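# Coordinate inspection notes
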Protein chains: 2
Amino acid sequence: MNKNQRIRVAQWGLGAMGQGVAKVILAKQGLELVGAFDIRPELAGKDVGEVLGVELAGVVVSDDPASILDPAKVDVITIATTSWVAKQLPDLKRIISAGINVVSIAEEMAAPEAQNPEIAAELDALAKKHGVSAIGVGVNPGFVLDHLVVVLTAGSQEVTSIEASRINDLSPYGETVLSTQGVGTTPEEFRAGVADGSIVGHVGFPESVRLISDALGLGVDRVEQTLEPIIAKVPRQARGQVIEPGRVAGCNHIAAGYSGGEQVIRLVHPQQVDPGAEGVDTGDYITIHGVPEISMSTGPEIAGGKATAGIAVNTIPRIFAATPGLKRIIDLPSPTALMGPEAYERR
Amino acid sequence: MNKNQRIRVAQWGLGAMGQGVAKVILAKQGLELVGAFDIRPELAGKDVGEVLGVELAGVVVSDDPASILDPAKVDVITIATTSWVAKQLPDLKRIISAGINVVSIAEEMAAPEAQNPEIAAELDALAKKHGVSAIGVGVNPGFVLDHLVVVLTAGSQEVTSIEASRINDLSPYGETVLSTQGVGTTPEEFRAGVADGSIVGHVGFPESVRLISDALGLGVDRVEQTLEPIIAKVPRQARGQVIEPGRVAGCNHIAAGYSGGEQVIRLVHPQQVDPGAEGVDTGDYITIHGVPEISMSTGPEIAGGKATAGIAVNTIPRIFAATPGLKRIIDLPSPTALMGPEAYERR
């Protein structure tokens, strides 16, 4: 495409994450924010810049999705509404059927065939029928514990197994996030919460395992997940509240991928408040056993909220240029930071 | 492609690196080694397995390149002959004109437009004319100090500058490699060697800078390189010889990429023998200044010889499936370890 021609993007959903995505779109020279939709009527009619707390953008938020579903005016929709593909499916079908490409940050959309194969097949067929493409990305799944793992094997002659972990600090997050990780509960309440589904841990492990297995050909045929309470040994701080010793500071969520009975992928994501109180450093850690052996770490962890908004926006030129159908991050050239019009010329 | 259909590959050049590539090809279920060419007549007529020191492969080495230039029998040629595109150009043209895809490990082929724009344009046009694709890859350039940097920005909202370094140990290498890094010289001899071109440092920095700049749109318009001697402070061991204090233990090669006068990329590659003698750990280090800040390290460094052979082979299915023309690693889905037929089904 011409470097003076901007990709026209509309934002679907202006919650915390959707607002983050919209702000990044507004900051990019190669992208033009042309619309925004949110179900909350109190946002309708406001300039999107006002909602975002930035300068006026000349784009009015609508509470009618039809306002952004015109393929003559919108090239790509970025959608931030839920973690679950079954819940997002009606919206995705509406966008795709309108003939508009879509980037979702729903965790399960990173590889919907992992847990929702019928939905994945339906979306793929629908996208091909309407000549558009759809993808799910985010910091995780969609980047740190899968795409980055896969790229680190670019020079590997042999891979026998993979271990990766992501240690982060939930302290900056709100009550909703803390409660889904069981923060502040007793160990008994934690186990009851896991059993009744109110404590979910990380969403997206089966998807990450699938991305790695498919990219490398590891043939994973079974994924097992466990959620264990991380019990505070010392008082831990979390947005004004203190988690006392003996209480749950977070959830250690582990996923293991097996191929023919052998564990070949192990992903670990302990999400907790204030790990520093017990001397635990945050970071991302990837070990690839094989030829060569590879051991990588980041410190601190790649910031999740920022990177999710970033990768959603950086994927826009990729999905705009992609062949029709449902895509995964491993199917396309890697998204990269978009820092100038030169970044578009090449794509 | 069908998972039972193997990609037919021929190896051009059976030096140390070419032998490494051929061994990996032989080990992959999805690839079939169907030919091998080397200019040395003493290898001609031998089974390639005998040359590689592995079991017989049923493939005879030829000293006539025409033996592997039949597109009815060969899908991809992997070529390992030199670091320089101008020197490899006649061979690349012959392969492409025969209608065969090519993966080169010549450092300058990772982004030939960086220093050889006319050659890059010629190869691109020739590949398009003959309906095949060509690419250059290797551990560096082509992976650690460029592709991996680019992928780490997948979630970046903003990148202001990039610093990356690769600290390795040359002790296992032979005399040729050590001499091109000035190992064992006096500081005066080192400077004279840099001036007369006998000490070259790392080959491929302008190419790595170009890959990063193009992928991110950083607009680098000037690359400056410096080569400084690493002077031993304590005795260092290198394959039986000892580098005494005051002598040169290696070459610290630095490349800086500027955009409008501002340094936006800094790549550092100190290549030396026995860095551990002075407490220096080997490893790869990437810092991305921006939003978010990212700091990554590997320890030890991703093994260069193994990863170069690995990435050359892992790129074969990518270049086989690519649209015609000259490609760079940033233009394709990342190569990844090939561990089973599933890895081919998807491509």
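Chain A is annotated in an unreviewed UniProt entry as Dihydrodipicolinate reductase of Arachnia rubra.

## Examining the UniProt feature "domain: Dihydrodipicolinate reductase N-terminal" (unreviewed entry) in chain A
Mapped onto the present numbering, the UniProt feature "domain: Dihydrodipicolinate reductase N-terminal" (unreviewed entry) falls at residues 8–78 of chain A. Helix and strand shares over residues 8–78 of chain A are 24% and 24% respectively, and the end C-alpha atoms of the span are 11 Å apart.

## Some remarks on the side chain of Asn116 of chain A
Residues and elements named next belong to chain A. Inspection of the secondary structure assignment puts Asn116 in the loop between strand S5 (101–104) and helix H4 (117–130). A residue is classified by how much of its surface remains accessible, and Asn116, at 15% relative accessible area, is buried. Here the side chain of Asn116 touches Glu108 through a polar contact of 3.4 Å, side chain to side chain.

## Remarks on the interface of chain B and chain A
The partner chain A presents 56 residues to the 56 residues of chain B that form the contact. Both sides together, the interface formed by chain B and chain A hides about 4000 Å², and carbon and sulfur atoms give 59% of it. For the interface between chain B and chain A, the tally reads 0 salt bridges. On the surface where chain B and chain A come into contact, there are 19 residue pairs in polar contact (both at pLDDT 80 or more).

## So, the relation of the copies chain B and chain A
Structural alignment of chain B on chain A gives an RMSD of 0.0 Å, achieved by rotating through 180 degrees and translating 0.0 Å along the axis. Given the turn and translation reported, the copies of this chain are related as if by a two-fold rotation axis. No C-alpha of chain B lies nearer the rotation axis than that of Pro333 of chain B, which sits 2.0 Å from it. Of all interface residues in chain B, 100% are interface residues in chain A too; the two copies therefore contact each other through one and the same surface.

## Some points on the environment of Gly99 of chain B
Residue and element names in this part refer to chain B. Structurally, Gly99 can be placed in the loop between helix H3 (85–97) and strand S5 (101–104). A relative accessible area of 27% places Gly99 in the partly exposed class. Taking C-alpha positions, Gly99 is 44 Å from His289, a pair spaced 190 residues apart along the chain. Setting aside residues up to four positions removed in sequence, Gly99 forms contacts with Pro71, His130 and Val132.

Definitions and cut-offs
- Residues numbered from 1 in each chain as written.
- Chains lettered and ligands numbered in written order.
- Predicted model: local features only at pLDDT ≥ 70, side-chain atom pairs only at ≥ 80, totals over all residues.
- Heavy atoms only, no water.
- UniProt positions renumbered as here; feature names shortened; annotations may be inferred.
- Helix = DSSP H or I, 4+ residues; strand = E, 2+ residues; numbered from the N terminus.
- Buried < 20%, exposed > 50% of the residue type's maximum accessible area, 1.4 Å probe, protein only.
- Polar contact = N/O pair within 3.5 Å; in protein donor to acceptor, adjacent residues only side chain to side chain.
- Contact = heavy atoms within 4.5 Å.
- Buried area = accessible area lost by both parts, 1.4 Å probe.
- Salt bridge = Lys/Arg side-chain N within 4 Å of Asp/Glu carboxyl O.
- Least-squares fit on C-alpha atoms with pLDDT ≥ 70 in both.

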